[in-house]
Amino acid sequence: MFLERYHATQNGLVLISATQASRFAKEVAGDFNPIHNPDARRFCVPGDLLFALLLSHFGLSRQMTFHFRSLLGENVPLDFREDDDGLIRVYDQNDKVYIEVERSGERTHDDTVIENFTRCYVAASGKNFPHTLKPLMENAGVMFNPDRPMIMYQSMSLALDTLDAPSPDLELHNAELKPDGKRGNVSLDYRLISDGNVAGEVSKKLVVSGLRDYNAEAMDAVVEEFYRLKEKSWD
């Protein structure tokens, strides 16, 4: 499985080092948010990596909703389990929940199907910034703190018409940002495209924290740094 190099297991628990998490963010998601750098003061594991590991553990279902409850730091022993109420949760050893999943409908454990869907989902996530969020913030006249950009997952859901969608790709068809004080609530809606046909829908909700008035010069500097880091990663 392609996720082997992005986590480790010990005594039945999953551990993700800062280096593994950062590698996944850059190599798989194309995500160069500095919060995923190993030396970041407020480092956190990408939510996309937890999403990918959950699908690897429990399979892909036709209907799934993921609720992201807490930010995850490095090397936290994680227990992935399905509870008596039917929900899947990821716990640490103090029973803190990091992610909670509802699912229903047909399910597959086919590694190829799961990897293809995971890669297309994560690739779309890597386009959140600057491709999608920058114009949303500009149009709304707000932006995050350029010194500490914080964009967090709140939830995501998927509704698939089929589990056997060859060459899946996500196509963004609606994006919205609603400022609410110091936070911005972002909704992103995608169509799952397979062989030119719509094969399902995926929706995400994000939170942008530390909102302030939009400053084009400061935003340009953030975008420039994003592409500098991206270029550096391929050196």
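Presented here is a report on the structure given in the accompanying data block.

Calculation notes
Residues numbered from 1 in each chain as written. Predicted model: local features only at pLDDT ≥ 70, side-chain atom pairs only at ≥ 80, totals over all residues. Heavy atoms only, no water. Pairing = 2+ DSSP bridges. Helix = DSSP H or I, 4+ residues; strand = E, 2+ residues; numbered from the N terminus. Phe/Tyr/Trp six-rings, centres within 6.5 Å; stacked < 30°, edge-to-face > 60°. Axes fitted to C-alpha atoms, helices over the stretch in contact; angles between N-to-C directions. Parallel < 35°, antiparallel > 145°, perpendicular 65-115°, else oblique. Contact = heavy atoms within 4.5 Å. Nonpolar A, V, L, I, M, F, W, Y, C, P; charged D, E, K, R; others polar.

The sheet contact formed by strand β4 (residues 79-82) and strand β5 (residues 88-91) spans four bridges and is antiparallel. When the sheet's bridge partners are listed, Asp79 is paired in β5 with Tyr91.

Applying the stated criterion across every chain yields a total of seven aromatic pairs. An angle of 35° between the planes, with centres 4.2 Å apart, marks the rings of Phe51 and Tyr121 as tilted. Placement of Phe51 in helix α2 (residues 47-58) and of Tyr121 in helix α3 (residues 111-125) is noted, with a sequence separation of 70 residues between them. Clustering of aromatic rings is evident, with ring pairs tying together Phe129, Phe144, Phe226 and Tyr227.

Direction vectors running N to C along helix α1 (residues 18-29) and α2 enclose 85°, while the axes themselves pass 9 Å from each other. Comparing their axes, α2 and α1 come out roughly perpendicular. Along the contact surface, α1 presents Ala21, Phe24 and Ala29, while α2 presents Asp48, Leu49 and Ala52. Residues that form the contact of α1 with α2 fall into these classes: five nonpolar, no polar and one charged.

Turning our attention to the pairing of strand β8 (residues 151-160). Here strand β3 (residues 60-68) runs beside β8; their pairing, made up of five bridges, is antiparallel. Of the residues in β8, the one forming a bridge with Gln63 is Ala159. Here β8 pairs with strand β11 (residues 197-208) via nine bridges, running antiparallel. For Ser155, the partnering residue across the bridge sits in β11 and is Lys205.

Read from one edge of the open sheet, eight strands run β4-β5-β6-β3-β8-β11-β10-β9, paired in antiparallel fashion. One side of each edge strand has no neighbouring strand; the edge strands of this open sheet are β4 and β9 (169-180). The average angle at which neighbouring strand axes cross in this sheet is 20°, direction not considered. Strands β8, β9, β10 (183-194) and β11 of the sheet are contacted by helix α4 (residues 128-140), whose axis makes an angle of about 35° with β9.

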